[in-house]
Amino acid sequence: MARSLCPGAWLRKPCYLQARFSYVRMKYLFFSWLVVFVGSWIIYVQYSTYTELCRGKDCKKIICDKYKTGVIDGPACNSLCVTETLYFGKCLSTKPNNQMYLGIWDNLPGVVKCQMEQALHLDFGTELEPRKEIVLFDKPTRGTTVQKFKEMVYSLFKAKLGDQGNLSELVNLILTVADGDKDGQVSLGEAKSAWALLQLNEFLLMVILQDKEHTPKLMGFCGDLYVMESVEYTSLYGISLPWVIELFIPSGFRRSMDQLFTPSWPRKAKIAIGLLEFVEDVFHGPYGNFLMCDTSAKNLGYNDKYDLKMVDMRKIVPETNLKELIKDRHCESDLDCVYGTDCRTSCDQNTMKCTSEVIQPNLAKACQLLKDYLLRGAPVEIREELEKQLYSCIALKVTANQMEMEHSLILNNLKTLLWKKISYTNDS
């Protein structure tokens, strides 16, 4: 007869404890292995994503190869490729084809942006700014005169901004910016760099709004790499956390954290006034109307004086340009007629084509973003009026009668209400 593993009653309790201990140990080892496996997988995926998103070395190599062979030129080229006094720091990229880094240039902080290869054709799932490596810096060609280059730039602006009487002034402004070494002449390399940069809406907007308070200053460029003024606080809300921690924070809890870490209400009011002023800058400005197609907190920042500064303007596009691109787009519903997250038109069910008229003006989108931001902690004496003004603002439609009059009235009322409350505080 086979012997029992626990032959006596007095052994049953130790046997049970041994089995219990073995079960607990196996359970512990299993969950430890599971945690290690899942953690390793997350780290691997995030590392792979990081290496795909952050390709600064590739970007620098492409630019410097072109510069050293004389194809391109610009005020940042020598510092980037020869003296190496312009270098990339922390990676801020969110898409592989739009490289973005904190940088240092001659001991001055800045943000370095570089375009990598893009889709082979335009569609509304990609950027409006295509770049093909095989044709990079192909225009203007050798032998092109300055007058011919001016005509090229004028035609580009006419397509992007519409037929406006003052485009010649903008062309002359671009030639001044393109003359990076300030010798009074635009070399072929400088012209190639300027032409590549003019395909980028953010660069064009920085040039147009170079004297405006809320637009970051252009520090320099080389090819279609450019350096812009850095902003101390790079999001309207919250704090910046390492990506590993972000993975484990639920979105609802993150929104609560965002609200907790906002500045004091008077400072929020000052930042909000800055956003309203920026909306004024791009609404029927000197060279037409620009549409804010991604009005999110991560694209807005502020400095240590709580003055609003735009962080990312790549999704702010000329209205004429957007209308031309979207008007013949095939659609099944209104959901097919969206660019970015905020520029929406409607789908004509008769033609199954997107209409060209954007539904919401920039101001309505800005007020939607500011609603929770401003109402939380708002002084009791203005809260009701502030809420009323914000909801009237959010209800604005481009197609409404007398929209421009309503737009100006609501914008001025909001600015006046906020300024009146903070004008005698230290935060003003």
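Just above, that's the structure.
To start, this report covers the structure provided alongside it. (Residues numbered from 1 in each chain as written. Predicted model: local features only at pLDDT ≥ 70, side-chain atom pairs only at ≥ 80, totals over all residues. Heavy atoms only, no water.)

**A closer look at helix α13 (residues 380–394)**
Then, in step 1: The first and last C-alpha atoms of α13 sit 21 Å apart over 15 residues, in line with the 21 Å expected at 1.5 Å per residue.
Then, in step 2: Turning to α13, its buried residues number three or more, namely I382, L386, Q389, L390, C393 and I394.
Then, in step 3: Those residues of α13 that are buried are in contact with α10 (265–282), α12 (362–375) and α14 (403–422). (Helix = DSSP H or I, 4+ residues; strand = E, 2+ residues; numbered from the N terminus. Expected span 1.5 Å × (residues − 1). Buried < 20%, exposed > 50% of the residue type's maximum accessible area, 1.4 Å probe, protein only. Contact = heavy atoms within 4.5 Å.)

**Here's the deal with the nonpolar core**
Here is a general trend for soluble globular proteins: nonpolar side chains tend to be buried in one another's company.
Then, in step 1: In this structure, F157, W265, F278, L363, L386 and L418 are the most contacted members of the largest nonpolar core, which totals 76 residues.
Then, in step 2: Here this core takes 10 residues from α10, the largest share from any one element.
Then, in step 3: In terms of domain composition, this core takes at least three residues from each of domain 1 (53–117 + 136–229) and domain 2 (256–423).
Then, in step 4: Residue contacts for L363: discarding those within four places in its chain leaves L276, V279, C393, L396, H407, I410 and L411.
Then, in step 5: A76, C77, C114 and L225 belong to the second largest nonpolar core, which has 21 residues in total. (Core = buried A, V, L, I, M, F, W, Y, C linked by side-chain atoms within 4.5 Å. Domains from an automatic or database assignment.)

**Remarks on helix α6 (residues 188–197)**
Along an α-helix, a turn takes 3.6 residues, which lines up residues three or four apart on a common side.
Then, in step 1: Within α6, 9 of the 10 residues are buried, which leaves it mostly tucked inside the rest of the structure.
Then, in step 2: Residues G189, E190, A191, K192, S193, A194, W195, A196 and L197 constitute the buried set of α6.
Then, in step 3: Here the buried face of α6 lies against α4 (146–161), α5 (167–178), α7 (201–208), β4 (218–222) and β5 (225–229).

**So, the packing of aromatic side chains**
Then, in step 1: Across all of its chains, the model carries 6 aromatic pairs by this definition.
Then, in step 2: Measuring from ring centre to ring centre gives 4.9 Å for F88 and Y101, while their planes differ by 15 degrees; the resulting arrangement is stacked. Taken together, the residues F88 in strand β1 (residues 86–91) and Y101 in strand β2 (residues 98–105) connect sequence positions 13 residues apart.
Then, in step 3: Measuring from ring centre to ring centre gives 5.1 Å for Y237 and Y373, while their planes differ by 80 degrees; the resulting arrangement is edge-to-face. Here Y373 lies in helix α12 and Y237 lies in the loop between β5 and α8 (243–247), a separation of 136 residues in the sequence.
Then, in step 4: Given the relative accessible area of 13%, Y237 is considered buried.
Then, in step 5: Take Y373: its relative accessible area is 0%, and that puts it in the buried class.
Then, in step 6: A connected cluster of aromatic rings, assembled from ring pairs, spans F203, F221 and Y226.
Then, in step 7: The ring of Y373 is capped by K268, whose NZ or CZ atom sits 5.4 Å from the centre of that ring.
Then, in step 8: One residue, K315, lies across the ring of Y339, its end atom 5.3 Å from the ring centre. (Phe/Tyr/Trp six-rings, centres within 6.5 Å; stacked < 30°, edge-to-face > 60°. Lys NZ or Arg CZ within 6 Å of the ring centre and 35° of its normal.)

**Topic: the sheet that holds β5**
Then, in step 1: Across the sheet, which stays open at both edges, the 5 strands sit in the order β1-β2-β3-β5-β4 with antiparallel pairing between neighbours. Here the strands that pair on one side only, and so sit at the sheet edges, are β1 and β4. The sheet shows a mean angle of 30 degrees between the axes of neighbouring strands, direction not considered.
Then, in step 2: Sheet topology note: the strand β3 (residues 108–115)/β5 ladder contains 4 bridges and is antiparallel. Looking across to β5, one finds that V112 is bridged to V227. (Pairing = 2+ DSSP bridges. Axes fitted to C-alpha atoms, helices over the stretch in contact; angles between N-to-C directions.)

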